[in-house]
4 protein chains.
Amino acid sequence: MPKVFKPVEISPDETAARKDYFDRHTPHIICDSVVKRGGRFCVKVRIGENYQHPDDADHYIKFIQLWNLETFVAEVQFAPGAQGGVPSNVEVDFYLTAKNTMYLSVLSACTKHGLWHSEEVKVSVTD
Amino acid sequence: MPKVFKPVEISPDETAARKDYFDRHTPHIICDSVVKRGGRFCVKVRIGENYQHPDDADHYIKFIQLWNLETFVAEVQFAPGAQGGVPSNVEVDFYLTAKNTMYLSVLSACTKHGLWHSEEVKVSVTD
Amino acid sequence: MPKVFKPVEISPDETAARKDYFDRHTPHIICDSVVKRGGRFCVKVRIGENYQHPDDADHYIKFIQLWNLETFVAEVQFAPGAQGGVPSNVEVDFYLTAKNTMYLSVLSACTKHGLWHSEEVKVSVTD
Amino acid sequence: MPKVFKPVEISPDETAARKDYFDRHTPHIICDSVVKRGGRFCVKVRIGENYQHPDDADHYIKFIQLWNLETFVAEVQFAPGAQGGVPSNVEVDFYLTAKNTMYLSVLSACTKHGLWHSEEVKVSVTD
């Protein structure tokens, strides 16, 4: 069964011991925390901070899913080689329309190391 | 953050209390437990046993992913209305080639109620 | 731009000249031509008849999409290696609920040789 | 069979007669035409220019696929409601690593009106 890694559940000890492994698989959400109702805003997702993930035929980032609580929003799928076959911080920008306060999170998949949750990001909507 | 439900982690009490909820979301793998090396075999996935899942525009089965341990194999994506807009046990048959012993599992998504793991199924390969 | 191949547009001469190329990429729909309203029925899709398609890291069947006229129904996505890394006739079974007469067709993608249409198949619905 | 619309094949007359229909479905690629070998660069895709596409449960932009000639690169999939349920110019930014000169194009799908090609964009790679 593919493991589902959640950063909030990984102990500091464990993270320190396998720093590169956790870093290069963990997705991060970068977006404004307050947006205007009805406005369009960008949600950038980037995988890894200090370490890059390979893009080999049998080991690559397969997808990045964007969720709002329990609601599926969008996902991007990559072919192997989509990152040029070299290590990188896989990245994608989604664009959403603000309706109500959102609690965004990401689930991404490495073809070899299972599923990885981001932290949850609250996006408040103001009038 | 979308919840990830695993049948092995759900207590009998909890399952009994919300029987229809758990039943209609849980994916099941139906396939031979022993296959001949190099042969093609069918892996049927069906969601729910005694209860059916709606197929409404804002509440439907979005995808069914097939994994072999930590390795992504294949997935099917459905548009809302793909099940005719009526409740059903969503179903798909994948076909695989047997190389080595596999530990298959499924992760499926309801657009409203998050992610659901199947039990893991061992498929032994013989010569 | 990825080419979009349609069997109905390929001349017999061309097909004869590159028989294996066209055969191994062309998707076929196999299903009942008449179904009972409200009933579930199986739509098998198979790629190729007499020739098999490779499953190499840089050359494999990426997806199979099922359409009803201009309406997207479902699709299956494969990872490279999903067919065991050996040539095969990639296959999947979808299950649909019959509501009204359908005109099903498939669009499939080879990661190296673009997009391929099946012939269109009419499925009549009776009461 | 889903129609496959290509802007280069649509006559000016036809485009003028149904300006909003063609505009709101046609995907556009926005990116640098020259990039440094080994560098990361952004490929923005936007659907429509002067007209926006609905985001209704039975009529929305389903996916945007990025191709390099006949090679599949990446795709984004949207749930209905991903654009807040209001008309918009659906947009996504992909990030690629420059290796060799690319000929990028996009194939996008409306759940009701079939498949739409962008124009092809050449991205030259320099040392």
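Q: Before we go on, may I ask you to explain the overall build of chain A in this structure?
A: Looking only at helices and strands, chain A has two helices and ten strands in total. Put simply, chain A runs from its N terminus to its C terminus through helices and strands in the order β-α-α-β-β-β-β-β-β-β-β-β. The C-alpha radius of gyration computed for chain A amounts to 15 Å, which stays within 12% of the reference 14 Å derived for 127 residues, consistent with globular compactness. In terms of overall dimensions, chain A has C-alpha extents of about 45 × 35 × 30 Å along its principal axes. Across the 127 residues that make up chain A, the buried fraction comes to 57%. By element, 49% of the accessible surface of chain A is carried by carbon and sulfur atoms, the whole surface being about 5,100 Å². Each charge class in chain A was averaged separately, 14 positive and 17 negative side chains, and the resulting centres sit 4 Å apart.

Q: Explain the interface of chain C and chain D to me, please; I cannot follow it from the model alone.
A: A common way to state how big an interface is: give the accessible area lost once the parts meet. With 28 residues of chain C at the contact, the number on the chain D side is 28 residues. Buried surface at the junction of chain C and chain D, summed over both partners, amounts to about 2,300 Å²; 60% is from carbon and sulfur atoms. Applying the counting rule to chain C against chain D returns zero salt bridges. Counting across the chain C and chain D interface gives three residue pairs in polar contact (both at pLDDT 80 or more). At the level of elements, β5 (61-68), β6 (71-78), β8 (102-110) and β9 (114-117) of chain C are the ones that each hand at least two residues to the side of chain C that touches chain D.

Q: Honestly, the interface of chain B and chain A in this entry has me stumped. Any pointers?
A: Chain B puts 28 residues into the contact, and the matching count from chain A is 28 residues. In this assembly, chain B packs against chain A so that about 2,200 Å² is buried in total across both faces, 60% of it on carbon and sulfur atoms. The tally of links from chain B across to chain A stands at zero salt bridges. Linking chain B to chain A there are three residue pairs in polar contact (both at pLDDT 80 or more). When residues of the side of chain B that touches chain A are traced back to their parent elements, those giving at least two are β5 (61-68), β6 (71-78), β8 (102-110) and β9 (114-117) of chain B. In the side of chain B that touches chain A, the residues fall into eleven nonpolar, nine polar and eight charged.

Q: Can you walk me through the relation of the copies chain C and chain D in this structure?
A: Aligned on chain D, chain C shows an RMSD of 0.0 Å; the corresponding rotation is 180° and the shift along the axis is 0.0 Å. What the superposition gives is, in effect, a two-fold axis relating one chain to the other. When C-alpha positions in chain C are compared against the rotation axis, the closest is assigned to V4(C), at 4.1 Å. Looking at the interface residues of chain C, 100% of them are also at the interface in chain D, so both copies use one shared face.

Q: It is not clear to me how the sheet that holds strand β7 (residues 91-97) of chain B should be interpreted in this structure. Could you clarify?
A: Through backbone hydrogen bonds, the strands of a sheet pair up, either in parallel or in antiparallel fashion. Taken in spatial order, the six strands make up an open sheet running β2(B)-β4(B)-β7(B)-β7(C)-β4(C)-β2(C), and their pairing is antiparallel. Of all the strands in the sheet, the pair left with one neighbour each is β2 (27-30) of chain B together with β2 (27-30) of chain C. Within this sheet the neighbouring strands show an average axis-to-axis angle of 20°, counted without direction. When β2(B) meets strand β4 (residues 40-47) of chain B, the two strands line up antiparallel, connected through four bridges. Within β4(B), the residue paired with H28(B) across the bridge is R46(B).

Q: Would you explain the environment of A57(C) in this entry?
A: Assignment of secondary structure puts A57(C) in the loop between β4 (40-47) and β5. For the pair A57(C) and F78(C), spaced 21 residues apart in sequence, the C-alpha separation works out to 11 Å. Excluding residues that lie within four positions of it along the chain, A57(C) makes contacts with A57(A), P80(A) and P80(C).

Q: Sorry, what's going on with the sheet that holds strand β2 (residues 27-30) of chain D here?
A: Taken in spatial order, the six strands of this open sheet run β2(A)-β4(A)-β7(A)-β7(D)-β4(D)-β2(D), and their pairing is antiparallel. Two strands bound the open sheet, and with one partner strand each, they are β2 (27-30) of chain A together with β2 of chain D. Within the sheet, the average angular offset between the axes of one strand and its neighbour, ignoring direction, is 20°. Sheet topology note: the strand β7 (residues 91-97) of chain A/strand β7 (residues 91-97) of chain D ladder contains three bridges and is antiparallel. Bridge pairing in β7(D) places F94(A) opposite V92(D).

Q: How should the relation of the copies chain B and chain A be read in this particular structure?
A: Note: a rotation about an axis with an accompanying shift along it relates these two copies of the chain. Each copy of the sequence occupies a distinct position, and chain B is placed on chain A by a rotation of 180° and an axial shift of 0.0 Å, giving an RMSD of 0.0 Å. Interface overlap between copies: 100% of the residues of chain B at the interface are likewise at the interface in chain A, consistent with a symmetric, same-surface contact.

Q: How should the confidence of the model for chain A be read in this particular structure?
A: Detailed reading of the predicted coordinates is not advisable wherever pLDDT is low. Mean pLDDT over chain A works out to 91, with 98% of the residues at or above the 70 mark. Interface confidence in the predicted complex, given as ipTM, is 0.91; pTM for the same model is 0.87.

Reading the values: the criteria
- Residues numbered from 1 in each chain as written.
- Chains lettered and ligands numbered in written order.
- Predicted model: local features only at pLDDT ≥ 70, side-chain atom pairs only at ≥ 80, totals over all residues.
- Heavy atoms only, no water.
- Helix = DSSP H or I, 4+ residues; strand = E, 2+ residues; numbered from the N terminus.
- Rg over C-alpha atoms; globule rule 2.2 N^0.38 Å.
- Buried < 20%, exposed > 50% of the residue type's maximum accessible area, 1.4 Å probe, protein only.
- Areas by Shrake-Rupley, 256 points an atom, 1.4 Å probe, with all protein chains shown as cover.
- Lys, Arg positive; Asp, Glu negative; His and termini not counted.
- Charge placed at Lys NZ, Arg CZ, Asp CG, Glu CD.
- Contact = heavy atoms within 4.5 Å.
- Buried area = accessible area lost by both parts, 1.4 Å probe.
- Salt bridge = Lys/Arg side-chain N within 4 Å of Asp/Glu carboxyl O.
- Polar contact = N/O pair within 3.5 Å; in protein donor to acceptor, adjacent residues only side chain to side chain.
- Nonpolar A, V, L, I, M, F, W, Y, C, P; charged D, E, K, R; others polar.
- Least-squares fit on C-alpha atoms with pLDDT ≥ 70 in both.
- Pairing = 2+ DSSP bridges.
- Axes fitted to C-alpha atoms, helices over the stretch in contact; angles between N-to-C directions.
- pLDDT = per-residue confidence, 0-100.

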